[in-house]
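# Fold and contact review
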Amino acid sequence: MKSVFNLRFLLALAVAIIAGYALYASLYWPFRTALFPRVIGVPLLALSLVEMLLCLVSAEKAREGHAVDFEMTMDVDPLVARKRTLAIFSWTLGFMALILLFGFTLAVPLFVFLYLKLAGKEGWVLSLSMTALSWLTMEGLFNRLLHLPFPEGWLFSLWT
Amino acid sequence: MALFFCTVALSFFFLNQLAKLTLVRGAVLIPFILFLAFIGSYTSNNHLGDLIVFLFFGFLGYFMIRCNWPRAPLVLGFVLGKIAENNFYISTIRYGSSWLLRPVVLILVLLTLIVIVYPAIRLGKRRSAPSEKTA
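The numbering scheme is per chain: residues are counted from 1 as the chain's sequence reads. Labels follow written order: the first chain is A, the first ligand is 1, and so on. It should be noted that, the model being predicted, local features are given only for residues of pLDDT at least 70 and side-chain atom pairs only at 80 or more, the latter also being counted only at that level, while totals for whole chains, interfaces and linings use all residues. Water and hydrogen atoms play no part in the side-chain values, which are based on all heavy atoms of the structure.

## Overview of the overall build of chain B
Labels follow the DSSP assignment, with helices taken as runs of H or I lasting at least four residues and strands as runs of E lasting at least two, numbered in each case from the N terminus. On a plain count of helices and strands, chain B comes out with six helices and zero strands. Taken from N to C terminus, the helices and strands of chain B fall in the order α-α-α-α-α-α. Expressed as lengths along the three principal axes of its C-alpha atoms, the size of chain B is roughly 60 × 50 × 35 Å. Summary of the burial criterion: residues with accessible area below 20% of their type's maximum are buried, those above 50% are exposed, and those between are partly exposed, where the area comes from a 1.4 Å probe applied to protein chains only. The buried share among the 135 residues of chain B stands at 18%. Each accessible area value is a Shrake-Rupley result obtained with a 1.4 Å probe; residue values ignore everything except the protein chains displayed when judging cover. Taken as a whole, chain B presents about 10,200 Å² of accessible surface, with 74% of it coming from carbon and sulfur.

Right, here's the structure in full:
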């Protein structure tokens, strides 16, 4: 038997907690500040509670006729899908870490190269040319042309 | 305005070439998409904190897809939230709760109810149709 405490239930619970907290916090706010959070918070709390109730009542039934803008493919083995999801989550977080450590200017070409070589298993020519292209975009377009104020990486700020 | 029309015209001009992007392997596209997404979120305020917001909403979007929650209402809420809050406050201060009974508001409420109720009715009809056939 499938547990009722599935991801759908937990997401609805998280939304209900946020809505409940927003309503509680707005009790101490002035009228103007509290008006909109209360008006949004009440239906949000009610709808998330209804969603939780629906999860409890029909835990094993797939929802039909609902409107979604995107659906995941179901023909991939769940284990492979989970591995791919974890991999892309890790790459995204890794890119964030690279940006914080080295700054955008170095992190972008480094990430593009590492991703193409390690995850994409691409050849040296393609990997190096894409890395050069990303560095050119970063340096030429965003740094030289648009003069965006990119912060220094944490590693470099330690030395200066 | 001229820039807008130029962008649209250029997009139409390169439409065939742009469509070929769908044929590029995911492994080649992903680093560039992530790069542009990170740059885009950073340049909104030139603050690294926006990257955390970007990651949070990225993960939230993934879990919403997993739970079959549509993401469009959330995006609409974020885009229209500030405008709605300002005008909601102005209406409440100016008219009190009586603004809820104005004709335009009533029509909008009616349309909203139709949008909410219609899919449920359609689903009910679809479910009853096969059972009628089998009976």
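## Topic: the pattern of salt bridges
Residue and element names in this part refer to chain A. Should a side-chain nitrogen of Lys or Arg be within 4 Å of a carboxyl oxygen of Asp or Glu, the pair is scored as a salt bridge. Evaluation of the coordinates by the stated rule reveals three salt bridges over all chains. Arginine 8 is the partner of glutamate 51 in a salt bridge, and the nearest nitrogen-oxygen pair spans 2.9 Å. Pair noted here: glutamate 51 is in helix α2 (residues 31-57) and arginine 8 is in helix α1 (residues 7-26), with a separation of 43 residues, a long-range link. With a relative accessible area of 10%, glutamate 51 lands in the buried category. Arginine 8 gets classed as buried once you look at its relative accessible area, which sits at 12%. One salt bridge connects arginine 144 with glutamate 139, and the closest N-O pair in it is separated by 3.5 Å. Overall, the relative accessible area of 59% leaves arginine 144 in the exposed class.

## A word on the interface of chain B and chain A
With 40 residues of chain B at the interface, the matching set in chain A holds 49 residues. Of the roughly 4,200 Å² buried between chain B and chain A on both sides combined, carbon and sulfur atoms contribute 80%. In this structure, the connection of chain B to chain A is made through one salt bridge. The salt bridge involving Glu122(A) is made with Arg25(B); its shortest N-O contact spans 2.6 Å. What qualifies as a polar contact is a pair of N or O atoms within 3.5 Å, subject to a donor-acceptor requirement within protein and to the restriction that residues adjacent in sequence count only when both atoms come from side chains. Applying the counting criterion to the chain B and chain A interface returns three residue pairs in polar contact (both at pLDDT 80 or more). Taken together, the elements giving at least two residues each to the side of chain B that touches chain A come down to α3 (26-43), α4 (49-66), α5 (72-95) and α6 (103-134) of chain B. Residue contributions to the side of chain B that touches chain A peak at eleven residues, all from α3(B). Classification used: nonpolar for Ala, Val, Leu, Ile, Met, Phe, Trp, Tyr, Cys and Pro, charged for Asp, Glu, Lys and Arg, polar for all others including Gly. Here the side of chain B that touches chain A is composed, by residue class, of 29 nonpolar, five polar and six charged. By definition, residues are in contact when any of their heavy atoms lie within 4.5 Å. Summed over both partners, buried area is the accessible surface (1.4 Å probe) that two parts give up on being assembled.

## Some remarks on the packing of aromatic side chains
Only Phe, Tyr and Trp rings are paired, with Trp represented by its six-membered ring, and only when their centres lie within 6.5 Å; those with planes under 30 degrees apart are stacked, over 60 edge-to-face, the remainder tilted. Counting across every chain of the model gives 23 aromatic pairs over all chains. Measuring from ring centre to ring centre gives 4.1 Å for Phe95(A) and Phe111(A), while their planes differ by 15°; the resulting arrangement is stacked. Remark: Phe111(A) occurs in helix α4 (residues 104-119) and Phe95(A) occurs in helix α3 (residues 78-102); sequence separation between them is 16 residues. For Phe95(A), a relative accessible area of 0% puts it in the buried group. Between Phe13(B) and Phe14(B) the ring centres are 5.2 Å apart and the planes differ by 85°, which places this aromatic pair in the edge-to-face class.

## Thoughts on the confidence of the model for chain B
Regions with low pLDDT should not have their predicted coordinates read in detail. Model confidence for chain B is summarised by a mean pLDDT of 86, while 96% of its residues fall at 70 or above. Scoring the predicted complex yields pTM 0.75 and, for the interface, ipTM 0.78. Confidence of the prediction at every residue is given by pLDDT, a number between 0 and 100.

## Quick word on α5(B)
An α-helix turns once per 3.6 residues; consequently, residues spaced three or four apart project the same way. Throughout, the bend at a residue refers to the angle made by two axes, fitted to the seven residues ending there and to the seven starting there. Of all the bends in α5(B), the greatest measures close to 55° and is centred on Leu80(B). Listed in full, the buried residues belonging to α5(B) are Gly81(B), Phe88(B) and Thr92(B). Lining the buried residues of α5(B) we find α2 of chain A. Of the residues one or two after α5(B), Gly96(B) is the one with positive phi, at around 70°.

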